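Examination of the molecular architecture
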Amino acid sequence: MFKKHSLLLAVGGSALAAAAPSLQRSSQTPCARISEQYVQGLKNGEVSSFSSDLVLECLQSMPFEPRRAASFVEDVKKYVQWQSNVDTLSDPPLSYEGRPVDIWGGLDDIQQRAKENKFVSQFEFDTALSDLFRSVNDGHFSILPCSYMPFSFVNPEKLVSVSSDGLEIPEIYTFTNLDADDAQVFKNNSAAVSPVVTINGEDASTYLQSLAGSQSFQDPDASYNNFMYSHARYTSSSQMLGAFSYPLNGAYPGTTEYTLIYANGTMSKSKVKAVAQDEFIYANGTELYEDYCLPVPEESTSASATPTPTPSTSTPAAASSSTPATSPTATVLPAPTGYPKAVVRDENNLVAGYLLNKPDLQDAAVLSVPTFSVSGVEGGTSNISSLVINFLEKSVNAGRKKIILDLTSNPGGNTNYAFDLFKIFFPNKTPYWSTRLRAHKALYYLEKMGYSVPQDPENETWATLADMGLFGLKTPNQNYTYKSEDEVYGPHDVLGANMTSPTSFNFNVISSDRMPIHGYGGIKPNWTQPLFAPEDILIVTDGSCSSSCPIFTKMMKYEGVRTISFGGRPQPGPMQAMGGTRGGQVLPGDQLVLIMGAALEIAAEKEILDENELKQLKALSPAETSPLQYGSLQVNLRDAYGKEDEESEMPLQYVYEPAHCRLFYTLENVLEPATVWSAAARAIWGDGECVAGSRNQL
């Protein structure tokens, strides 16, 4: 992946052996000591893990270049201008669950400190920048800086939050104490297995809640759940561990050791380890910095740390990935751990359907939708939609009258799939989706360019600009197509910020054979009336439903579908079903660089913008080669608004929307995820109860 060590490894183990002596001459440096351990591990056929203290020393030895870092912050600002709520987040509505964050002020502060050389290392600078992004708790707003890329930090201990009956306040246990033999002991006598009462000297629950600021969820209950081990996160084994074991992006968790005290007075310690993300052969922090952080020369044949963007050739980016999630693999995966045999399942575990004869489920089918990130499979979202259609037909033929949609841990993904899944359930309804973009100069110039050329997907110029989903837009109810940049751009004052008019994608434009929205773009629906009544559809989540997941869930709720949430903080009361980012569309930084570069070329070639406008657009565009490499950088392009908000003035990020019912996880739910479905069905369709104060009839 990077310049130096990939060449060493290319010639095999002999090169590693030859490299070791030179490292030994610098064995006093932390990075060299890690390299020696790494080489020895390869010789032994092992994957080495390293002391977190040693890794921190190595990362902190990476040099800091003030001018380069300050230039990087200036470039980051050109991405952040596209963040939809950057102006309102510093003074958000009272309904917002998160903290106010002054993003502009934070960037200015970091930039000034960089100019004044107040950071002792690149890692310290990157940590300040990462902390600012993470403080927004928005899964669409993130950065993976260069010094965060060499290692992932892992804690071997796994936690679960377990209630005795799903209604009583849960306690925290280590998963190892509830696995295998201890699980049976717990079932027979829960008092025999001791819960965790403190972590690092603080009340365990309070400690975990204090870490919520490091999570990418806007809801504190969703953040709390994310620390726990869960079979439902089977699309990624690292996510399955929970954030207590595997922090966001494998980042340093802020401590090198956890001390756990149990209710029976016993104690255990868990040391945080680090694992190299790639080959690691470095004599010192300077070499590490040069390899991971400095821009790769254009003539270099090595791949840059920043992925090279690939332009879309047909479907606008508006219909592509909404939240980066685990990419489908080419290898057929085994069925997810802990689940019963599925009637329908794709080979990447991206969707599965179950027809069970367990209590409370004889009349119900279950469709597991763990992700909307399905466009990368062969055949695109069309194949996954076909599996859903096939399963619904099987369910109806089997006499099932109800259906549970399990969206537990769904991180979002492809927006076309979200719209299509809604249309599969409600073919006679029009998807309602209202969004606004931040109105700023760079956007206006792109809008002007888009409406200055023929609006035809076959027109290369228009298709290139439409790759950001900016053109051919309609009103949220699909009744009107905008005809000019001024109609779209506005600007309109929304919560004191300049925003565009409310828009939706033109479903006829973005629907295709590969990424269909049934009923649009010539894709005919398989049926004309819903197979299931709204009151017979139930959505299950753990609150982490993010990005395209809330797009789908919100549209289903408009039709009367109910939701139930599981887990969350150990307290009574309601919990949100959609606690992840509710922004309408993510904009990856590499895609922005690609689009802006193409726009500048087109604007100059077609003379769409005058000389002054072209100069301004160039000044507002991110550098094609960043002053510093980064692993990823993304912003939220669109605020989304609810159908009941007729003026589209309150972004859904700021709306608290409790589920219709809430239950805590039991041990049975943790070990056998399918039991969640029975509990949900009993609470909504049977005589089951909800957590005190959580049942509502929204």
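Residues numbered from 1 in each chain as written. Predicted model: local features only at pLDDT ≥ 70, side-chain atom pairs only at ≥ 80, totals over all residues. Heavy atoms only, no water.

The next thing to look at is the sheet that holds strand β3 (residues 151-154). Read across the open sheet, the 3 strands follow the order β1-β10-β3; overall the sheet is antiparallel. Strand pairing shows two members of the sheet lacking a second neighbour, β1 (49-51) and β3, which therefore form its edges. For this sheet, the mean inter-axis angle between neighbouring strands, taken without regard to orientation, is 40°. (Pairing = 2+ DSSP bridges. Helix = DSSP H or I, 4+ residues; strand = E, 2+ residues; numbered from the N terminus. Axes fitted to C-alpha atoms, helices over the stretch in contact; angles between N-to-C directions.)

The residue Trp-677 is located in helix α23 (residues 674-685) in this model. On the accessibility criterion, Trp-677 (0% relative accessible area) is buried. Spatially, the C-alpha atoms of Trp-677 and Lys-358 are 9.9 Å apart, while their sequence positions differ by 319 residues. Residue contacts for Trp-677: discarding those within four places in its chain leaves Tyr-339, Pro-340, Tyr-354, Leu-356, Leu-361, Val-366, Ile-404 and Asp-406. (Buried < 20%, exposed > 50% of the residue type's maximum accessible area, 1.4 Å probe, protein only. Contact = heavy atoms within 4.5 Å.)

The phi angle of most residues is negative, glycine excepted, and most peptide bonds adopt the trans form. Cis geometry marks the peptide bond from Gly-490 to Pro-491; its omega dihedral reads 0°. If you trace the backbone, Pro-491 turns up in the loop between α17 (485-489) and β16 (492-494). For Ser-547, which is not glycine, the phi dihedral falls at a positive 60°. By the element assignment, Ser-547 lies in the loop between β18 (537-541) and α19 (548-558). In this structure, Glu-607 is a non-glycine residue whose phi angle is positive, near 55°. Within the secondary structure, Glu-607 is located in the loop between α20 (589-606) and α21 (611-619). On the accessibility criterion, Glu-607 (65% relative accessible area) is exposed.

Time to look at the packing of aromatic side chains. Scanning the model with the defined rule gives 33 aromatic pairs in all. Consider the rings of Tyr-339 and Tyr-354, whose centres lie 6.3 Å apart with planes at 25°: the pair is stacked. With Tyr-339 in the loop between α12 (285-292) and β11 (344-345) and Tyr-354 in strand β12 (residues 352-354), this residue pair connects regions lying 15 residues apart in the sequence. We classify Tyr-339 as buried; its relative accessible area is 13%. Exposure remark for Tyr-354: the relative accessible area of 1% places this residue in the buried category. When the ring of Phe-372 is compared with that of Phe-552, the centres are 5.8 Å apart and the planes differ by 50°; the resulting orientation is tilted. Within this pair, whereas Phe-372 is found in the loop between β13 (364-368) and α13 (381-397), its partner Phe-552 is found in helix α19, the two being separated by 180 residues in sequence. The ring centre of Trp-685 lies 5.6 Å from the NZ or CZ of Lys-402, which sits over that ring. (Phe/Tyr/Trp six-rings, centres within 6.5 Å; stacked < 30°, edge-to-face > 60°. Lys NZ or Arg CZ within 6 Å of the ring centre and 35° of its normal.)

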